[in-house]
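Observations on the model geometry
The primary structure of each chain is shown beneath.
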Amino acid sequence: MARNREALLLLLDVGPSMHYILQEIEKVCSMLVQKKLIYSKNDEVGVVLFGTKETNNELTKEVGGYEHVAVLRQIKVVDGDLVEALQQLPRGIVAGDFLDAIVVGMDILIKKFGPTSKGKKRLCLITDALYPIKDPCEGTKDGQVNTIATQMAAHGMKMDCIVVRGNQDSDRSKRVMEENDRLLHIFSKRTCSKTVYVESPTSLLGALKTRNISPVTIYRGDLEIGPKLKIKVWVYKKTSEEKFPTLKKFSDKAPPTDKFATHEVKVDYEYKSMEDPGKIVPPEQRIKGYQYGPQVVPISSTEWDAVKFKPEKSVKLLGFTDSSTIMRHYYLKDVSIFIAEPGNAKAVQAVSALARAMKEMKKVAILRCVWRQGQGNVIVGVLTPNISDKDHIPDSFYFNVLPFAEDVREFQFPSFSKFPLSWQPSEQQQAAADDLVKMFDLAPMGKEEALQPELTPNPVLERYYRYLELKSKHPDAAVPPLDDTLKKITEPDPELLSQCRSVIHEFLRSFELKENPKLKKSTKRLLRDIPSGSGDKGEGLENKNDVEAVQLIENAPSVKVEKIGDSTPVQDFEAIMSRRDSPDWVNKAIKGMENKILQLLEDSCEGDTYQKALECLLSLRKGCILEQEPKQFNDFLHDLCKFCQEKNLNSFCELLVSKGVSLITKKEAEDSEVTDVEAKNFMVKEEPKREQGQ
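Cut-offs and rules
- Numbering of residues starts from 1 in each chain and follows the order in which that chain's sequence is written.
- At least 70 in pLDDT is required for a residue's local features to be given in this predicted model, at least 80 for side-chain atom pairs to be given and counted, and no such filter applies to totals for whole chains, interfaces and linings, which use all residues.
- Based on all heavy atoms of the structure, the side-chain values leave hydrogens and waters out of the count.
- In this description a helix means any DSSP run of H or I spanning at least four residues, a strand means any run of E spanning at least two, and both kinds are numbered starting from the N terminus.
- For every residue, the accessible area (1.4 Å probe, protein chains only) is compared with the maximum for its type, and the residue is labelled buried under 20%, exposed over 50%, or partly exposed between those bounds.
- What makes two residues a contact is simply this: any of their non-hydrogen atoms within 4.5 Å.
- What sets the accessible areas is the Shrake-Rupley method with a 1.4 Å probe; for residues, cover comes only from the shown protein chains.
- Orientation is described by lines fitted to C-alpha atoms, with helices fitted over the stretch in contact, and by angles between N-to-C directions that extend from 0 to 180 degrees.
- Note on angle classes: values under 35 degrees are labelled roughly parallel, values over 145 roughly antiparallel, values of 65 to 115 roughly perpendicular, and the remainder oblique.
- Crossing handedness is defined as follows: a turn of the near helix away from the far one that is anticlockwise and smaller than a right angle gives a left-handed crossing, while the clockwise case is right-handed.
- We call two strands paired when DSSP finds no fewer than two bridges between them.
- The salt bridge criterion pairs a side-chain nitrogen of Lys or Arg with a carboxyl oxygen of Asp or Glu, the two atoms within 4 Å.
- For this scheme, ten residues count as nonpolar: Ala, Val, Leu, Ile, Met, Phe, Trp, Tyr, Cys and Pro. Four count as charged, namely Asp, Glu, Lys and Arg, and the remainder, Gly too, count as polar.

**Description of the overall build of the chain**
Counting secondary structure elements, the chain contains 21 helices and 15 strands. Residue burial in the chain is summarised as follows: out of 694 residues, 39% are buried. Excluding contacts between residues fewer than 6 apart, the proportion of contacts in the chain whose partners are at least 24 apart in sequence is 71%. When the accessible area of the chain is evaluated, it comes to approximately 42,000 Å², of which 53% is carbon and sulfur surface.

**A closer look at the packing of helix 10 (residues 427–439) against helix 14 (residues 501–511)**
At a closest axis distance of 9 Å, the pairing of helix 10 and helix 14 adopts a crossing angle of 150°. Classified by the interaxial angle, the pair formed by helix 10 and helix 14 is roughly antiparallel. As helix 10 runs across helix 14, the sense of the crossing is left-handed. Each of Gln428, Gln429, Ala432, Ala433, Asp435, Leu436 and Met439 in helix 10 lies in contact with helix 14, whose residues at this interface are Val503, Ile504, Glu506, Phe507, Arg509, Ser510 and Phe511.

**Here we look at the sheet that holds strand 5 (residues 157–164)**
Pairing in this open sheet of six strands is mixed, and the strands run 3-2-1-4-5-6 from one edge to the other. Every interior strand has two partners, whereas the edge strands, strand 3 (69–77) and strand 6 (192–198), have only one. Geometrically, the sheet is characterised by an average inter-axis angle of 10° between neighbouring strands, direction not taken into account. Bridging between strand 5 and strand 6 involves seven bridges; their strand directions are parallel. Bridging from a neighbouring strand, Asp160 pairs with Lys194 of strand 6. The strands touched by helix 1 (residues 19–39) are strand 1 (6–13), strand 2 (44–50), strand 4 (120–127) and strand 5; relative to strand 1, the strand with the most contacts, the crossing angle is about 170°.

**Considerations on the pairing of strand 12 (residues 332–340)**
By the bridge criterion, five bridges tie strand 8 (residues 229–237) to strand 12 in an arrangement that is antiparallel. Pairing of Trp234 across the sheet is with Ile339, part of strand 12. Pairing between strand 12 and strand 15 (residues 396–401): five bridges, direction antiparallel. Within the sheet, the bridge partner assigned to Ile337 lies in strand 15 and is Tyr398.

**A word on the pattern of salt bridges**
Taken as a whole, this structure holds 33 salt bridges when the rule is applied. Across the pair Lys473 and Glu84 runs a salt bridge, and its minimum N-O distance is 3.6 Å. Residue Lys473 is found in helix 11 (residues 459–473), and its partner Glu84 is found in helix 3 (residues 80–86); the two are separated by 389 residues along the sequence. On the basis of relative accessibility, which here comes to 39%, the residue Glu84 falls in the partly exposed class. For Lys473, the salt bridge identified is with Glu469, shortest N-O distance 2.6 Å. Residue Lys473 and its partner Glu469 are both found in helix 11; the two are separated by four residues, about one turn of the helix. By relative accessible area, Lys473 is classed as partly exposed at 33%. Through salt bridges that share partners, Glu6, Lys36, Asp43, Arg122 and Asp160 make up one connected network.

**Notes on the environment of Leu486**
Locating Leu486 in the fold gives a position in helix 12 (residues 484–490). Once the C-alpha coordinates of Leu486 and Pro201 are considered, the two residues, 285 residues apart in sequence, prove to be 9.3 Å apart. The residues contacting Leu486, other than those within four sequence positions of it, are Leu205, Pro459, Glu462, Arg463 and Arg466.

**Brief notes about the sheet that holds strand 8**
Spatially, seven strands are ordered 7-8-12-15-14-13-11 in a closed barrel, and the strand pairing comes out mixed. Across the sheet, the mean angle from the axis of one strand to that of its neighbour is 35°, orientation sign disregarded.

**Describing the packing of helix 17 (residues 585–602) against helix 18 (residues 610–626)**
In the contact formed by helix 17 and helix 18, the axes pass within 9 Å of each other and the chain directions differ by 160°. In terms of orientation, helix 17 lies roughly antiparallel with respect to helix 18. Between helix 17 and helix 18 lies a crossing of left-handed hand. Between helix 17 and helix 18, the contacting residues are Ile590, Met593, Glu594, Ile597, Leu600 and Leu601 on the first element and Tyr610, Lys612, Ala613, Cys616, Leu617, Ser619, Leu620 and Cys624 on the second. Counted by class, the contact of helix 17 with helix 18 contains eleven nonpolar, one polar and two charged residues.

These results come straight from atomic positions and should not be treated as a statement about function.
Okay, here's the thing in structure tokens:
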């Protein structure tokens, strides 16, 4: 067997206690084969069942025993027939002995590949381990398991054990379960074996790794602490997003008689001159360019290569900092793991000493990393200690990439603590929210934690592979509905919702949630439709700011507005304020609206533009409250009053007084320094000046 190929033997318990979960086992095992058909079509897979009525294996014929163990399929290259076989597993009638199944599986692998095979050999056991295994003819069960584990390690075999323990197991003998768990633990200690316990179909989907990816180092070299202190390390990727398989273009134009046709579509590109569309531009006459303002700056490949940053391959320590200073939201990209160079005892000791010192002092390290020679960029990241709790696993580090200044996005959102008191939750509302969070805890006491990342598959990928297998057999098949098991990943658990119904109702009652109907564009409410001011409740912003904030965002038009126009200044102001592609738009919108108000008043003839100017001022006031910019509005209102006095527009000030428009108070915006009394007396103080001017 080739070194990069895998031979996998599935050992499946089909006894009576497993019947409730067999349908999910059929799905996950058939999914495993489907992925191998895509990614590892040369791998070999076999299936052994135990707990069956009949007995069908070579060991029974040769030495006797090993009853109720049946070979469903001998190990061979994966194909579509195996998928169908796994989708229709027989239901057994006797309790299965998982140790017999392991021995039969080992016998198949040894006879198939021999002791010298360099390929990957793996057993995958799925059982509930609820029934006792048979006593050996000689010795103890522990001794028997140790002997089997020794042979497994000698032949280079690995084993994955998935133990399914559901709610129905509570009445089973705890003594038997504990004994079986202890025997499986011996395999974990003596061999390359891993045991995973699952309670739900969702966890089962993720427990069986349907695609094994061999670990590949992204860096091997020195971790440079200083000029004279270097530690040999290897760096692997710990997490990496699983992508959709690449979809290629194929054609059915090849002759049906051509058995060697690949049906692949080859794409060639031709570049033609804009002046002469019939003339093809050769590669030597083409050059890349960069849009710089109104012009395009040409950059040749030689210039581009010269301007590239070409650092030397290295990983260097820049310094240490408190772990509390590195926020979780700073992490970028995938997570990597630093381990000491395998077989290097001094490196293992150095990494362990450094990791434990950092853990004790609550420090993290900042590194400068260039993984390979010729890499075009430098990575700066944080190294976090990972202290192992197992004797045979050394300490290590986790590495996360940190952003540069250009990578950070600063969002102009006000702090919750700066919102008006009317927006803050009451004690009763806070208690209702606390109860809601407690009731929806995914890790309740005494139960398996739901949606664990290492046991939760990507439902989008799972559905894709299932449909791919269906379409391979039925080309015209429609997309089936989402599987119930996958729904538990994408939707709230109905059972949990039922248990939390009273808590949900209390939360709804506390916050008086109402449905926000989707309105047509022509009927959307604009900010100008809601009266503003700091006077009466009916005219003020109290209890309406939250609604207006949502409407300001929802009512943003699809076309991006750059400036405030003459025909619809209020709508233009709302559109610019809602833009989040730059933090400068808020200030631009406020300045633009201030200029528009002054222009309307200056162009006024006997007050014909007063109403429009008032609408603009009300909209500006609301926008400044929502964006927590009270100072800008208050300063403008002071300047506006002086402007009206200078231009003899006192009638507009009187209109503002009649409408109750005044300064933004601290009650409306936390950043304001204006009290309610000062706002109420603002227009009153201006009266004497207006009388003297008259």
